[in-house]
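# Structure assessment
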Amino acid sequence: MINNEDTITAIATPRGNSGVGIIRISGDKAIAIADKIIRSRQGKSLDLFSADTYSAHYGFVYREDKILDEIICIVYKKPGSYTGEDVIEICCHGGMYVLDLVLSLIQENGARLAEPGEFTRRAFLNGRMDLTQAESVMDIISSENEFSRANSMSHLTGSLRNKISEMREKIIHETAFIESALDDPEHYEIDEEYKSHLNDIVSGIGSEISDILKRSADVIYLKNGVDTVIAGKPNVGKSSLLNLFLGYDRAIVTSLPGTTRDVISERISIEGLVLNLIDTAGIRNSSDEIESIGIEKTKEHIEKADLVLFLMDASKEPDEEDRLIASLIKEKPCIVILNKTDLDIRFGEDRVEEIIKSPAVLMSVKERIGEKELREKIQSLFIKNEIKDKDIYITNKRQSDSFKEAALSLSRVSGSIKQGMSEDVYTVDLMDAYARLGEMIGEDISDDLADRIFSEFCMGK
Amino acid sequence: MIIENYEAAVIGAGHAGCEAALALARNGIKTIVFTVSINSIALMPCNPNIGGSSKGHLVREIDALGGEMAHVIDRTFIQSKMLNKSKGPAVHSLRAQADKAEYSKEMRRVLERQENLDIKQAEVTEIFTDDEKNVTGIKIRTGIEYKVKAVVLCTGVYLKARCLCGEAITYTGPNGLQAANSLSESLMNLGIKIHRFKTGTPARISEDSIDFSKMVPQYGDVPVVPFSFSTDPEDVQKEQVKSYLTHTTEKTHEVIRRNLDRSPMYSGVIEGVGPRYCPSIEDKVVKFSDKESHQVFLEPEGLSTDEWYIDGMSSSLPEDVQTEMYRTVPGLENCRIVRNAYAIEYDCIPGKQLKHSLEFKDVHGLFSGGQINGSSGYEEAAAQGLIAGINAAMMILSKEAITIDRSEGYIGVLIDDLVTKESSEPYRMMTSRAEYRLMLRQDNADLRLRRKGFEAGLISKEQMDALFEKEESIKNEIERVSGINVKVTDELKEIMKRAGSTAISTGVTMEELIRRPELSYDMLSPVDPNRPDLSKEIREQVNINIKYRGYIEREERQISQYKKALEQIIPVNINYDNVSNIRIEARQKLADIRPETIVQASMIQGISPSDIQVLMVYIKSMGSRS
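Sequence positions are assigned chain by chain, starting from 1 and proceeding in written order. Chain labels run from A onward and ligand labels from 1 onward, assigned in the order the entries are written. Note on the predicted model: pLDDT of at least 70 is required for a residue's local features to be given, and 80 or more for side-chain atom pairs to be given and counted; whole-chain, interface and lining totals, by contrast, use all residues.

### Describing the overall build of chain A
In this text, helices come from DSSP runs of H or I with a minimum length of four residues, and strands from runs of E with a minimum of two, each type numbered from the N-terminal end. Looking only at helices and strands, chain A features 15 helices and 13 strands. In chain A, which comprises 461 residues, the share counted as buried stands at 41%. In this description, any two residues whose backbone-derived C-beta atoms lie within 7 Å of each other are considered to be in contact. Here the contacts in chain A between residues at least 6 apart in sequence split such that 67% fall between residues at least 24 apart. Put plainly, a residue is buried at 20 or more neighbouring C-beta atoms within 10 Å of its own, exposed at 12 or fewer, and partly exposed in between, counting only other residues' C-beta atoms, which are placed from the backbone.

### Some points on the overall build of chain B
Regarding its fold elements, chain B presents 20 helices and 20 strands. Here the radius of gyration uses the C-alpha set of atoms, whereas the globule reference equals 2.2 Å times the residue count to the power 0.38. Taking 25 Å as the expected radius of gyration for a compact globule of 626 residues, we find that chain B reaches 26 Å, a close match to that expectation. In terms of principal-axis extent, the alpha carbons of chain B reach across some 80 × 75 × 55 Å. For chain B, long-range pairs separated by at least 24 residues make up 73% of all intrachain contacts whose partners lie at least 6 apart in sequence.

### Considerations on the packing of helix α2 (residues 55-64) of chain B against helix α10 (residues 378-396) of chain B
Packed helices, taken two at a time, are described by the angle their axes make and the gap between the axes. Residue and element names in this part refer to chain B. Remark: α2 packs on α10, axes separated minimally by 9 Å, with the N-to-C direction vectors making an angle of 30°. By the angle between their directions, the pair α2 and α10 is classed as roughly parallel. Relative to α10, α2 is oriented so that their crossing is left-handed. Between α2 and α10, the residues in contact are Lys55, Leu58, Val59, Glu61 and Ile62 and Glu379, Glu380, Ala382, Ala383 and Leu386, respectively. The classification used treats Ala, Val, Leu, Ile, Met, Phe, Trp, Tyr, Cys and Pro as nonpolar, Asp, Glu, Lys and Arg as charged, and all other residues, Gly among them, as polar. A breakdown of the residues in the contact of α2 with α10 according to their chemical character gives six nonpolar, no polar and four charged. Each axis is a line fitted through C-alpha atoms, and for a helix only the stretch in contact is used; angles between axes span 0 to 180 degrees, taken between their N-to-C directions. Each angle is binned into one of four classes, with values under 35 degrees roughly parallel, values over 145 roughly antiparallel, values of 65 to 115 roughly perpendicular, and all other values oblique. Here a crossing is called left-handed whenever its near helix is offset anticlockwise from the far helix by less than a right angle, and right-handed whenever the offset is clockwise.

### What about the environment of Pro595(B)?
Residue and element names in this part refer to chain B. Along the chain, Pro595 turns up in the loop between α18 (584-593) and α19 (598-603). Residue Pro595 is classed as buried on the basis of its C-beta count, with 21 C-beta atoms lying within 10 Å. Here the alpha-carbon distance between Pro595 and Ser525, two residues 70 residues apart in the chain, equals 51 Å. Setting aside anything within four residues of it in sequence, one finds Pro595 in contact with Thr420, Ile570, Leu590, Gln600, Ala601 and Ile604.

### Looking at the sheet that holds strand β9 (residues 145-147) of chain B
All names here are of chain B. One open sheet holds the three strands; their spatial order is β7-β8-β9, and the pairing between them is antiparallel. Every other strand in the sheet has two partners, leaving β7 (124-129) and β9 as the edge strands with one partner each. Taking the axes of each pair of neighbouring strands and ignoring which way they run, one obtains an average angle of 20° across the sheet. For β7 and strand β8 (residues 135-140), the ladder comprises five bridges, and the chain directions are antiparallel. For Phe128, the partnering residue across the bridge sits in β8 and is Gly137. A strand pair is defined by DSSP finding two or more bridges across the two strands.

### Topic: unusual backbone geometry
Between Lys78(A) and Pro79(A) the backbone carries a cis peptide bond, its omega angle lying at 5°. Summarising the element assignment, Pro79(A) is placed in the loop between β5 (66-76) and β6 (87-92). Cis peptide bonds are those with omega within 30 degrees of zero, and the linkage from Val222(B) to Pro223(B) qualifies with -5°. Positionally, Pro223(B) belongs in the loop between β14 (216-218) and β15 (243-247). Despite not being glycine, Ala42(B) shows a phi value in the positive range, around 50°. Looking at the element boundaries, Ala42(B) is found in the loop between β2 (31-35) and β3 (49-51). A positive phi is found at Leu358(B), a non-glycine position, where the angle reads about 70°.

### Describing the pairing of β6(A)
Residues and elements named next belong to chain A. Judged by how many residues are buried, β6 sits mostly within the fold: five of six residues are covered. Inspection of the sheet shows strand β2 (residues 21-26) paired to β6 by six bridges, in the antiparallel sense. For Ile23, the partnering residue across the bridge sits in β6 and is Ile90. Alignment of β5 against β6, held across five bridges, turns out to be antiparallel. Opposite Tyr76, over in β6, you have Val87 as the bridge partner.

### Some remarks on the sheet that holds strand β6 (residues 117-121) of chain B
Residue and element names in this part refer to chain B. A sheet is described by the order of its strands in space; here five strands give the open sequence β6-β2-β1-β10-β20, paired in parallel fashion. Across the chains shown, the open sheet's two edge strands, defined by having one partner strand only, are β6 and β20 (366-368). Going from strand to strand, the sheet's axes swing by 20° on average, the running direction of each strand aside. Sheet topology note: the β2/β6 ladder contains five bridges and is parallel. Counterpart to Thr31 in the pairing with β6 is Leu117. Taken strand by strand, α10 contacts β1 (8-11), β10 (150-153) and β20, and its axis lies near 175° from that of β10.

### Describing the nonpolar core
Connectivity within a nonpolar core runs through C-beta atoms within 7 Å, and the core itself is a set of buried Ala, Val, Leu, Ile, Met, Phe, Trp, Tyr and Cys residues. Core analysis: the largest hydrophobic core is formed by 180 residues, its most contacted members being Ala9(B), Val151(B) and Val152(B). In terms of residues, this core owes the most to one element, α10(B), which gives 13 residues. Listed in part, the 35 residues of the second largest apolar core include Leu311(A), Val352(A), Val361(A) and Val365(A).

### Examining the environment of Phe177(A)
Relative to the helices and strands, Phe177(A) resides in helix α6 (residues 159-183). C-alpha separation for the pair Phe177(A) and Arg41(A), spaced 136 residues apart in sequence, amounts to 70 Å.

### Overview of the packing of helix α13 (residues 461-482) of chain B against helix α16 (residues 536-547) of chain B
All names here are of chain B. Following both chains from N to C, one finds α13 and α16 inclined at 50°, their axes separated by 9 Å at the closest point. One finds that α13 runs oblique with respect to α16. Crossing handedness for the pair α13 and α16: right-handed. Residues Lys470, Ser473, Ile474, Glu477 and Ile478 of α13 form the contact with α16, whose participating residues are Ile538, Gln541, Val542, Asn545 and Ile546.

### Things to note about the confidence of the model for chain B
Put simply, chain B has an average pLDDT of 91, and 94% of its residues get 70 or more. Interface confidence for the predicted complex, given as ipTM, is 0.74, next to a pTM of 0.71. pLDDT expresses, on a scale from 0 to 100, how confident the predictor is about each individual residue.

### Describing the confidence of the model for chain A
Residues and elements named next belong to chain A. With 70% of its residues at a pLDDT of at least 70, chain A reaches an overall mean of 76. Below pLDDT 50 for its whole length, residues 142-157 participates in 23 contacts with residues either more than four positions away or in separate chains. Low confidence marks residues 248-264, where pLDDT is under 50. Its contacts with residues over four positions away, or in another chain, come to 17 contacts.

### Some thoughts on the pairing of β8(B)
Residues and elements named next belong to chain B. Taking the residues that link successive antiparallel strands as the turn, the β7-β8 hairpin has five residues, and the phi of Lys133 there is positive, at about 60°. Where β8 and β9 come together, three bridges link them in antiparallel fashion. Bridge assignment links Ile138 to a residue of β9, and that residue is Tyr146. Hairpin geometry of β8 and β9 is characterised by an intervening segment of four residues between the two adjacent antiparallel strands and by a positive phi of about 100° at Gly143.

### Some thoughts on the environment of Arg63(A)
Residue and element names in this part refer to chain A. Along the chain, Arg63 turns up in strand β4 (residues 55-63). Separated by 350 residues in the primary sequence, Arg63 and Val413 place their C-alpha atoms 67 Å from one another. When residues no more than four places from it in sequence are discounted, the contact partners of Arg63 are Leu68 and Leu105.

### Details of helix α11 (residues 410-420) of chain B
Residues and elements named next belong to chain B. Burial within α11 is extensive, with eleven of its eleven residues counted as buried. When α11 is considered as a whole, its buried residues turn out to be Tyr410, Ile411, Gly412, Val413, Leu414, Ile415, Asp416, Asp417, Leu418, Val419 and Thr420. Looking at the buried residues of α11, the elements they touch are α2, α10, α18 and α19.

And the structure:
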């Protein structure tokens with residue numbers, strides 16, 4: 001397989017100055033490396049080669065004769081490990097700095113630093129997990145808050161998988177019946193009653209899918225954050241608003257160097273909902289942003305946004321520039337912030353709809369007035385449904401695309417029934433939905449149908 | 001001793017053997033076809049039907065490719081029905097009841113009259129090859145040898161055949177015909193793997209012992225639609241026989257349950273694996289115990305015989321139990337059995353030893369078609385015999401093999417399934433096995449496959465010209481109707497009202513109206529004054545193509561994606577031992593079957609999606625290394 005000779009390593013616990021950290025090594029050399037760098041207090045070898053799988057060993061990591069850390073080492077022998085290869089986990093106690101030292105020592109001894117998700121990829125390729133599980137692990141790796149971690153865990157235990165399997169079960173049963181009737185018309189009949197039964201089944205699954213997708217939209221915001229643009233003409237208070245957010249939430253401000261979404265420069269949290277502020281750098285640096293980055297660029301950012309915070313000056317009559325910006329926002333979820341209420345209000349909430357049909361809040365960013373109301377408005381815009389940890393969510397794009405396709409195929413079955421299309425076309429879309437759902441859990445369809453027909457329906461001569 | 005030389009030999013003259021022999025001879029190849037009995041040419045030892053769901057498609061495809069089955073059944077049927085007529089065109093399936101004796105005689109006549117083809121009654125006992133495993137000749141029971149370049153195996157159920165009727169076992173083929181007991185060994189000596197399947201047939205009952213008044217008569221269609229694209233429909237309009245419908249009763253099931261221990265299938269005497277789709281009545285009663293009754297059809301075996309076939313009640317129970325059982329069926333209370341129901345076991349080969357051309361992967365010049373490849377059914381056999389015969393001819397003529405893709409025909413699905421999938425029971429065609437069913441209709445088999453028939457040397461230049469003309473007319477007419485803006489006249493309103501179609505305003509094209517499920521191309525002809533005079537076949541194609549365009553386009557998209565995936569070729573020099581991290585079972589299977597593409601690999605039973613992932617990654621890394 002790929003990189004068969006490679007042994008990979010990485011720090012498996014989140015970075016941060018917690019007391020304990022785990023370093024994982026996977027590959028053919030994992031045990032050899034651990035055996036070389038870990039010894040007893042007396043400097044004796046632990047002989048990890050002859051250790052049982054899943055056994056834990058107390059020892060010390062040595063760089064030459066110097067002890068770096070006191071550790072517990074766990075041995076997982078292939079194929080019964082996470083990746084299916086030999087795996088060593090070293091639980092260190094010395095904090096981030098020591099973890100880094102141990103990691104470089106392991107690299108010096110022949111392991112290479114794992115790429116993001118590489119352990120999971122190996123696990124998938126070695127048949128240790130299916131696609132949904134693998135993706136959920138990837139989600140865990142990238143999840144930043146407790147909620148999305150809990151959701152990832154529920155995928156792992158298979159509640160999404162069970163739900164999808166249940167849907168597929170229903171679809172394949174109906175398909176097998178229809179096929180039996182087509183194949184053996186003298187024994188099985190598709191009558192009007194059956195058609196209405198089939199319609200109930202497919203619409204039922206269809207609405208289950210759309211419920212899950214609806215709830216998932218909220219989850220996706222919770223997980224990935226809401227891409228937010230602060231818009232408004234120069235000097236209306238954009239940078240002050242940003243500083244207000246940052247000032248209050250400094251502790252959880254994260255900068256994201258090297259992220260692919262290069263336009264996001266700040267992340268802030270509003271009661272657990274993360275806002276990814278797009279192009280805030282531009283806002284900070286430029287006093288006449290519209291002119292400097294151009295209408296096109298603004299438009300582009302607004303198009304990408306899930307939310308636009310549109311700042312207007314409440315102390316002045318709206319001008320052409322305000323109207324221009326409003327016209328760019330039109331279709332987007334937007335909250336109008338009427339700033340500078342510390343001055344005389346000339347343009348109040350009651351007149352906002354002259355410019356744009358969006359909810360508005362009165363604020364004085366300078367005086368920190370109206371901030372609570374703004375936060376509540378943002379929350380209510382994105383968290384529409386109550387979210388329970390136990391429920392099932394789709395959290396990545398591939399899964400939600402497949403889910404949507406499956407729902408579309410099922411709605412086509414209903415359409416065919418309503419239009420009075422012939423029965424043989426039902427199964428085209430039923431099997432399509434079956435295949436799409438199968439993609440989500442990494443199962444294919446070969447032979448399922450024939451087996452069903454034979455086992456559930458009495459065929460032939 | 002060698003008496004005479006031929007270029008090709010076909011072993012067996014059943015439905016596969018006849019098609020194979022004709023395909024060879026019609027390509028100008030000097031061919032000999034062997035049969036254990038001259039009276040068993042194109043024998044129908046089981047049901048009296050040709051066609052039926054998905055099998056009717058196969059017969060049409062055989063005809064499109066230039067095979068013979070459709071012509072012969074058009075001349076010898078005694079009842080004909082288009083099944084599923086109330087359903088969509090993709091599942092319309094033609095089924096005819098044959099006069100069995102006439103069918104056999106008629107096919108024999110075709111063989112006898114065919115130039116370059118000789119028939120010989122003899123049991124073939126051995127196949128010879130040279131050191132490089134190229135076929136060189138065969139030997140028959142009398143010791144005579146024939147030198148040939150190609151051999152097509154169409155041995156049906158005759159290899160080491162064994163018939164079981166309760167405790168009574170005979171070592172014969174169907175109807176007491178001689179079994180072929182030596183050839184299996186010769187095949188094994190060539191390195192060919194053999195396994196054992198079983199199938200069965202119901203009893204034949206004499207007409208004067210049946211009370212038809214207790215059954216529901218079943219009639220054929222009027223008018224009859226012929227199987228062959230070249231049969232004139234007027235030639236097949238004739239008087240048809242009736243068949244009858246009755247059913248098993250609780251009493252029937254009780255008799256079966258009470259005697260299960262005497263069924264060789266349940267007592268363990270039968271070793272072969274039987275087909276799930278064609279279960280014996282014992283199987284049906286045991287597996288579907290909640291069903292109180294099963295349908296039974298009575299069909300005449302022919303016009304010149306008194307025997308009736310009891311469709312739905314095949315069995316291997318002993319004769320006394322059979323009699324008791326059949327007599328519990330309404331109308332059969334006093335029935336007399338002419339021929340007992342029996343089960344038959346036979347040697348056949350796991351199909352994965354074959355290429356898609358139906359030539360053995362490891363024995364050059366040896367082809368195989370029909371029930372020996374693990375299929376069941378006359379039509380499945382004929383289809384494979386035709387392809388095996390065509391490719392034996394292509395080999396001798398040094399031409400490229402002709403294969404049919406899954407997206408081109410049911411024959412393609414059939415052969416692909418047989419040669420790539422692990423099979424544990426005789427394989428029967430079903431429409432659900434075809435992924436591209438809406439395109440693979442029985443009505444357009446000629447449009448799909450005639451070109452291949454021409455390549456195979458079995459379709460004439462004139463037939464091709466006719467095909468091109470038909471294609472052109474269909475295309476032009478579809479274009480024409482999509483350009484017509486329909487005027488809302490009183491006549492149109494009346495037509496639509498009668499069909500229960502919702503009223504329209506202006507700006508609707510004729511095509512859009514045809515697409516409505518409740519309307520059709522023909523119904524709208526009164527409001528389409530410039531419509532050209534077209535044949536029924538062409539009108540049908542126009543109608544179907546317009547109506548199902550959306551679905552067909554979706555299928556076409558799937559087919560083009562599928563073909564793209566097919567292009568991912570597995571390098572021939574791949575050594576599966578080097579593909580580590582693939583499960584051992586998967587590695588053995590891949591090494592065994594040696595699929596040519598990723599798609600074929602993914603269809604092998606027991607190969608999981610993650611095996612495929614690993615394989616794809618490995619192939620990629622092979623590519624980047626070289």
